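# Topology and contacts: notes
Here's the letter readout for the chains.
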Amino acid sequence: MSAAARTIQIAIPAPLRKSFDYLVPADLPMPAPGARVRVPFGPRRTVVGVVLAVAASAMPLRQLKPIVEVLDDQPLLPPSMLQLLCWAADYYHHPIGEVIATALPARLRRGEPANTGGASVWTLTAEGAAVDDAVFKRALIQQRVWRALKEAAAGLDDDTLAELSPRWRAAIDGLAAKGWASGYQRECLEAGEHLQTPPPSMTAAQTAAVDAVVSANGFRPFLLHGVTGSGKTEVYLRVIDEVLRRGQQALVLVPEISLTPQLAARFRARFREPVAVLHSEMTDAERACAWLMAHHGKVPIVLGTRSAVFTPLPKLGVIVVDEEHDASYKQQDGFRYSARDVAMLRANRAGVPIVLGSATPSLETLQRVRAGAYTELDLPDRAGGAAMPTIELLDLRRLAIDDGLSHPLRTAISETVSRGEQVLLFLNRRGFAPVWMCYGCGWVAPCQRCDARLTYHRASSRLRCHHCGADSALPATCPGCRGTELNALGEGTERIETALKQMFATARIVRIDRDSVRAKGALEATLESVHDGHADILVGTQMLSKGHDFPNVTLVGVLNADQGLYGSDFRAGERLVQQIIQVSGRAGRAAKAGRVLIQTYHPDHPVFTALRQQNYQQFADYALTERGETGFPPFSHLALLRAESPAIGAALAFLRHAHALARACMPAAEVQLMDPMPSPMERRAGRYRAQLLVQSRTRAPLHALLSDWLERISALKEAKRVRWSLDVDPIDTY
Ligand code: ADP
Ligand code: ZN
Ligand code: ZN
């Protein structure tokens, strides 16, 4: 091999938008693209990088440093994943090294060996379970192993199999070679309780949806639009069943960690094959194991949150994105990617169908359906005969409210509880009260570090800032007038809980918000106890609104629906409607009818009209028209340059320079640059924040500008004085 060929390009986890060239010394093997290598970086540090390419360097060879070690003899990231990651780095204008770091489990990022320690638990595949006993006529040990596995839904480990026959290994290898059995490591994958309960027979709408997806030939995006409880999950299960039958793998994304146990349990009950779960609360060892099993094609189903979209799956057959409208799919710091959008590209590259499921699809997705790019599959009715809840508006202009609860709502709560049914009250504000005020002079307690008020938490008797975490004791006297008449104003979940305890002395009341379920696993435990009937009234924030199934909840109360109505973000209305429909969807999911009461001061607002008629489409039409008129997404593409600095003015000064630079290198009139502006909450955690919005009707000129612009911005001397970032397709413009 010539000297020039022994140079490689490496991605290094550092905030630099480039790759680095290194030499491979003669005594080391040539690493393949996608393999990890250890390289010197900086004066006396070595880091783990990933080989992007074997390519000649434009630099003089003597300036290149040699790599220290090759960590993988096989690529850890296959070419398809490497391409996807490079695309993501380009699209989001984020350093490739950090993008790759997001894709790798921590252990592998640190350079630990990529092995799972070998298989130790064996199960039959769907195909293996279906074969006839008679096929083993001439393979008696295989038959013995197969019969034992057929009895053991949760699988059998090596030791148990060894008890069947000293030649068990050859037998299991034989079964595995035919695709009838598969092995996995117990440590990270639980086959769980495989229940032999037959799946429900599908409705006509479900059948049509499943047929459409499984007969898709190659890449095809679907929107599975079904009201809450319409059986979307059942559609995913059937589609995945078919994908597994074809010997392929399925990737299922969910927005929230709290939704994984519930869904994983449903998958495990249905399939014999193990399910790999990937989310941030798992241990490093569990994550690395699950990731590697998927990478080696040994686990057919991967279920995970955002970053699971980067799991290598050699036999990918379908991608499912559940609750596709959910904002949690967008990472809000560092590498600001949207897992839904990356999943779409991945499906496209891999040539497989993708199903975006939601009761309340994002306007972006609906617009693509309108444009004919996505196929909509509708599940208009609830499955299993459950009726949709009725929705009523409570006009707060005409009703007295006390502790946040109007009289009709109190009556409804009381009736529901006395029937032995459950009530769910939704209020997107934790703490006791959002304001701590002096009734003498009107002073309200501010956060010292944010442009925000402090929230009063009664249980701990503290004032807290929900933006920066500041925490202080209650002042004994008002700093304004020295008065002592300080008190809480407004209500949060803690106050509602307190009021309910007074009103319904014997009812069991459970509060679910970030304060009440801080500990790991606490949310799951609480949800389970609610599920088991150990609660009469649930009060909570949006934590309650997502996906959880409470069959005995028949009344949902939305306490302060107006909160989101006039938010500073153009998506405020969309968010509000989605949240209310999701939370309403918790009511009456079983045999009993549900009722939803929404308290509002604006019953005539189009958002509430659409809600009352339970017509998401009507809302979407209204909102899309509005977006079209204002030119916001999906009718344009946005990028947001954000900056913050402890010094007042520095962030804005930086953005003004950036603005001038952009004007200089602006390629097309199509791209619009807004003026730099202070962020809606200008001061947060002691830093002054500002932003510059860039908008374009089409994507290409926007991205052409961004590449060029970022390079110039990085070189600005003002860039060193502020913390700045670029957000492509921002979902919050503050
Ligand atoms: P979604 O995911 O749309 O909220 P699920 O798939 O969770 O809906 O279905 C809601 C409930 O209806 C579940 O308890 C599920 O088992 C049940 N279900 C789904 N499909 C059917 C069907 N075809 N017949 C009867 N029950 C069904
Ligand atoms: Zn005062
Ligand atoms: Zn603060």
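Structural notes, computed from the coordinates. All of these numbers come straight from a predicted model, not from anything done at the bench.

### So, the pairing of strand β9 (residues 220–226)
Of all seven residues that make up β9, six are buried, and the element is covered over most of its length. Pairing of β9 with strand β14 (residues 353–358) involves six bridges; the strand directions are parallel. Residue pairing across strands places L223 opposite L356, the latter belonging to β14. Where β9 meets strand β15 (residues 375–379), five bridges bridge the pair, whose relative direction is parallel. Across the sheet, the residue bridging to G226 is L379, located in β15.

### Some words on helix α12 (residues 339–350)
For α12, with 12 residues, the first-to-last C-alpha span of 16 Å sits near the 16 Å given by 1.5 Å per residue. Within the span of α12, buried status applies to A339, R340, V342, A343, M344, L345, R346 and A347. Buried positions along α12 lie against α1 (79–91), β9, β10 (249–253), β13 (316–322), β14 and α13 (363–370). Just past α12, the residue G351 takes up positive phi, approximately 70°.

### Side note on the sheet that holds strand β23 (residues 471–473)
Across the sheet, which stays open at both edges, the three strands sit in the order β21-β22-β23 with antiparallel pairing between neighbours. The outermost strands of the open sheet, each flanked by one partner alone, are β21 (455–457) and β23. The average angle at which neighbouring strand axes cross in this sheet is 35°, direction not considered. In this structure, strand β22 (residues 462–464) lies alongside β23, joined through three bridges in antiparallel fashion.

### Comments concerning the coordination of the zinc ion (ligand 3)
Every protein donor of the zinc ion (ligand 3) is listed here as C447 (SG), C450 (SG), C465 (SG) and C468 (SG), and their distances to the metal cover 2.2 to 2.3 Å. Every donor counted, the four donor atoms about the zinc ion (ligand 3) form angles of 105 to 113° at the centre, which fits tetrahedral coordination. Of note, the zinc ion (ligand 3) draws all its donor residues from one chain, in the sequence arrangement C-x2-C-x14-C-x2-C.

### Re the pairing of β10
With five of its five residues buried, β10 lies for the most part within the structure. Alternating residues of β10 divide into Q249, L251 and L253 and A250 and V252, and every residue in both groups is buried. Relative to β13, β10 runs parallel, the two sharing five bridges. Bridge pairing in β13 places A250 opposite V318. In terms of strand pairing, β10 meets strand β12 (residues 301–304) through four bridges, oriented parallel. Each residue of the ladder has a partner; that of V252, found in β12, is L303.

### What about α1?
Look at α1: 18 Å from first C-alpha to last across 13 residues, which is about the 18 Å you get at 1.5 Å a residue. Turning to α1, its buried residues are M81, L82, L84, L85, A88, A89 and Y91. Those residues of α1 hidden inside the fold are in contact with β4 (46–54), α2 (96–103), α12, α21 (699–715) and β33 (723–728). Following α1 by one or two positions, H93 has its phi on the positive side, about 50°.

### Thoughts on the pattern of salt bridges
Per the stated rule, a full pass over the model turns up 39 salt bridges. Close ionic contact of R270 with E234 constitutes a salt bridge, the shortest N to O distance being 2.9 Å. Remark: E234 occurs in helix α9 (residues 232–245) and R270 occurs in helix α10 (residues 260–270); sequence separation between them is 36 residues. As a salt-bridge pair, D515 and R430 come within 2.9 Å of each other at their nearest N and O atoms. Residue D515 is located in the loop between β25 (509–512) and α16 (522–531), and its partner R430 is located in the loop between β19 (422–426) and β20 (435–438); the two are separated by 85 residues in the primary sequence. Among the ionic contacts, a cluster of salt bridges with common partners joins R107, R110, E112 and D284.

### Points about the site of ligand 1
What surrounds ligand 1 is a group of 16 residues, the closest being S201, Q206, K232, T233 and R266. Separating an oxygen atom of ligand 1 from a backbone N or O atom of G229 is a distance of 3.0 Å. At 2.8 Å from an oxygen atom of ligand 1 is found a side-chain nitrogen or oxygen belonging to R266. Contact with the protein chains covers 75% of the free accessible surface of ligand 1, which is 560 Å². With three residues, α9 is the single largest residue contributor to the shell around ligand 1. Taken together, the residues of the shell around ligand 1 break down into four nonpolar, eight polar and four charged.

### Observations concerning the coordination of the zinc ion (ligand 2)
The zinc ion (ligand 2) binds to the protein through C438 (SG), C441 (SG), C478 (SG) and C481 (SG), with metal-donor distances spanning 2.2 to 2.5 Å. One way to put it: the four donor atoms around the zinc ion (ligand 2) meet at angles of 102 to 117°, and that makes the site tetrahedral.

### A few points about the packing of aromatic side chains
Summed over all chains, the structure comprises 16 aromatic pairs. Ring geometry for F20 versus F41: centroids 5.3 Å apart, planes at 85°, classification edge-to-face. With F20 in strand β2 (residues 20–23) and F41 in the loop between β3 (36–40) and β4, this pair connects stretches of sequence that are 21 residues apart. Residue class for F41 comes out buried when judged on its relative accessible area of 15%. Centroid distance F432 to Y456: 5.5 Å. Interplanar angle 70°. Geometry classified as edge-to-face. Placement of the pair is F432 in the loop between β19 and β20 and Y456 in strand β21, with a sequence separation of 24 residues.

### Re the side chain of S636
Topologically, S636 is positioned in the loop between α19 (616–630) and β29 (637–645). Overall, the relative accessible area of 4% leaves S636 in the buried class. Polar side-chain contacts of S636 include one of 2.7 Å to the backbone oxygen of G631. In this structure the side chain of S636 is engaged in a polar contact, spanning 3.1 Å, whose partner is the side chain of Q695.

### Here's the deal with the environment of P730
You can see P730 is positioned in the segment after β33. Residue classification places P730 among the buried residues on the basis of a relative accessible area of 1%. P730 has contacts with K330, R571, L638, A639, L640 and R642, leaving out every residue within four places of it along the chain.

### Topic: the nonpolar core
Counting 122 residues, the largest nonpolar core has I100, F310, I598, F608 and W709 as the members making the most contacts within it. Ranked by residue count, the leading element in this core is helix α20 (residues 650–665), at nine residues. Among all residues touching I598, those that are not within four sequence positions of it are I391, E392, L393, L394, V558, A561, I580, F608 and L611. Ranked by size, the runner-up nonpolar core spans 31 residues in total, among them V243, M282, V355 and L377.

### Side note on the environment of G573
You can see G573 is positioned in helix α17 (residues 572–584). Spatially, the C-alpha atoms of G573 and P606 are 9.8 Å apart, while their sequence positions differ by 33 residues. Those residues in contact with G573 that sit more than four places away from it in its chain are G564 and F619.

### Focus: the sheet that holds strand β6 (residues 121–124)
Read across the sheet, three strands follow the order β7-β6-β8 without closing on themselves; strand pairing throughout is antiparallel. Taken across any chain shown, the strands that pair with only one partner, and hence form the sheet edges, are β7 (156–157) and β8 (181–184). Relative to β8, β6 runs antiparallel, the two sharing four bridges. Pairing of T123 across the sheet is with S182, part of β8. Contacts between helix α5 (residues 140–151) and the sheet are confined to β6, β7 and β8, with β6 contributing the most and set at about 85° to the helix.

How each quantity is defined
- For every chain, the first residue of its written sequence is number 1, and the numbers climb from 1 along that sequence.
- Chains and ligands are labelled sequentially in the order written, the chains with letters from A and the ligands with numbers from 1.
- Given that this is a predicted model, residues contribute local features only at a pLDDT of at least 70 and side-chain atom pairs are listed and counted only at 80 or more, while totals for whole chains, interfaces and linings are drawn from all residues.
- By convention in this description, side-chain values take in all heavy atoms of the structure and omit both hydrogens and water.
- Buried means the residue's accessible area, taken with a 1.4 Å probe over protein chains only, is under 20% of the maximum for its type, while exposed means over 50%, and partly exposed covers the values in between.
- Here a strand is any run of E in DSSP of at least two residues, a helix any run of H or I of at least four, and the numbering for each starts at the N terminus.
- Any two strands with at least two DSSP-identified bridges between them are counted as paired.
- Expected span of a helix, by definition, is 1.5 Å for each gap between consecutive residues, and there is one gap fewer than residues.
- Any two residues whose heavy atoms approach within 4.5 Å are treated as being in contact.
- Here, axes are lines fitted to C-alpha atoms. For helices the fit covers the stretch in contact, and angles between N-to-C directions go from 0 to 180 degrees.
- Water is not part of the atom set, so a site may look incomplete; the donors themselves are N, O and S atoms within 2.8 Å of the metal, or 3.2 Å for Na, K and Ca.
- Only two sets of limits are used to name each site, 85 to 135 degrees for every angle of a tetrahedral four-donor site, and over 155 degrees for opposite donors with all other angles from 65 to 115 for a square planar four-donor or octahedral six-donor site, with any other site named irregular.
- One speaks of a salt bridge when a side-chain nitrogen belonging to Lys or Arg is within 4 Å of a carboxyl oxygen belonging to Asp or Glu.
- Residues are labelled near a given molecule or strand when at least one of their non-hydrogen atoms is within 4 Å of it.
- A 3.5 Å cut-off defines polar contacts: any pair of N or O atoms within that distance qualifies, except that in protein one atom must be a possible hydrogen donor and the other a possible acceptor, and neighbouring residues in sequence count only when both atoms are side-chain atoms.
- Using a 1.4 Å probe, accessible areas were evaluated by the Shrake-Rupley method; residue-level cover was limited to the displayed protein chains.
- The classification used treats Ala, Val, Leu, Ile, Met, Phe, Trp, Tyr, Cys and Pro as nonpolar, Asp, Glu, Lys and Arg as charged, and all other residues, Gly among them, as polar.
- We call Phe, Tyr and Trp rings a pair once their centres come within 6.5 Å, taking the six-membered ring for Trp, and we label the pair stacked below 30 degrees between planes, edge-to-face above 60, and tilted otherwise.
- Within this scheme, the nonpolar core is defined by two criteria: the residues are buried Ala, Val, Leu, Ile, Met, Phe, Trp, Tyr or Cys, and they are joined through side-chain atoms within 4.5 Å.

Limitation: the analysis is restricted to geometry and does not speak to function.
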